[in-house]
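One-letter residues, chain by chain:
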Amino acid sequence: MEGTFYMLMYRAFHAQRNYLRSYLGETGLGTGQPKLISYLDSRGPCRQRDLAEYFEIDRAAVSRMLDSLERGGFVTHQADENNRRADLVELTDKGREANRICQAHGREVEEAFVRGFSPEERERFAEYLSRAYQNIKEIRGEKL
């Protein structure tokens, strides 16, 4: 069982999540929130639906995370000029600073994952992960 890809991926995922979770207190963010602020920081203001679709999580979960982020001062909501029924979510300066901290810790865990890998192995590993993701999406009949 230890050598199955499923178990290896599961253990690797949880190891990185536990590593990063230990730094959440430093930012004031909760579980699942760093990915949202990273997306917002790199792509700018967006709708809640965009976040849910990108991360493949339900809109209600995104809504709860965004409510908490807004109460914490990490994001704001503003009316979408192109669609009056939708709001745009945007990072605040506090959100950008929290993302900077999260990204630094993310680079640490990423480097730990591939320590001892050659540049070619790192590139292949990234390609394998991308292909594995694409395979699962195709099996489920979903668009990438």
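For the protein chain, the name recorded in an unreviewed UniProt entry is MarR family transcriptional regulator, with Candidatus Egerieimonas intestinavium as its organism.

(A) Local environment of helix α3 (residues 33–43). If you check which residues of α3 are buried, you get Gln-33, Pro-34, Leu-36, Ile-37, Tyr-39 and Leu-40. Looking one or two residues beyond α3, the residue adopting positive phi is Gly-44, at roughly 85 degrees.

(B) Just the environment of Glu-121, in detail. Position of Glu-121 relative to the elements: it lies in helix α7 (residues 119–139). In this structure the side chain of Glu-121 is engaged in a polar contact, spanning 2.7 Å, whose partner is the backbone nitrogen of Ser-118.

(C) How the structure looks around the pattern of salt bridges. The tally for this structure, following the rule as stated, stands at 6 salt bridges. The salt bridge involving Asp-93 is made with Arg-96; its shortest N-O contact spans 2.9 Å. Placement of the pair is Asp-93 and Arg-96 together in helix α6 (residues 93–113), with a separation of 3 residues, close to one helical turn. Look at Arg-96 and you get partly exposed, because its relative accessible area is 36%. We note a salt bridge from Glu-97 to Arg-100, for which the minimum N-O separation is 2.6 Å. Taken as a pair, Glu-97 and Arg-100 lie in helix α6 at a separation of 3 residues, close to a single helical turn. Under the relative-accessibility criterion, Arg-100 is labelled partly exposed at 49%.

(D) Quick peek at the packing of aromatic side chains. What the rule picks out here adds up to 6 aromatic pairs. With a centroid separation of 5.0 Å and an interplanar angle of 50 degrees, the aromatic rings of Tyr-39 and Tyr-54 are classed as tilted. One end of the pair, Tyr-39, is in helix α3; the other, Tyr-54, is in helix α4 (residues 48–55), with 15 residues separating them in the sequence. Taking the ring centre of Phe-55 as reference, the NZ or CZ of Lys-35 above it sits at 5.9 Å.

(E) Geometry of the side chain of His-105. Take His-105: it is sitting in helix α6. Given a relative accessible area of 10%, His-105 falls into the buried group.

Reading guide: rules and limits
Residues numbered from 1 in each chain as written. Predicted model: local features only at pLDDT ≥ 70, side-chain atom pairs only at ≥ 80, totals over all residues. Heavy atoms only, no water. Buried < 20%, exposed > 50% of the residue type's maximum accessible area, 1.4 Å probe, protein only. Helix = DSSP H or I, 4+ residues; strand = E, 2+ residues; numbered from the N terminus. Polar contact = N/O pair within 3.5 Å; in protein donor to acceptor, adjacent residues only side chain to side chain. Salt bridge = Lys/Arg side-chain N within 4 Å of Asp/Glu carboxyl O. Phe/Tyr/Trp six-rings, centres within 6.5 Å; stacked < 30°, edge-to-face > 60°. Lys NZ or Arg CZ within 6 Å of the ring centre and 35° of its normal.

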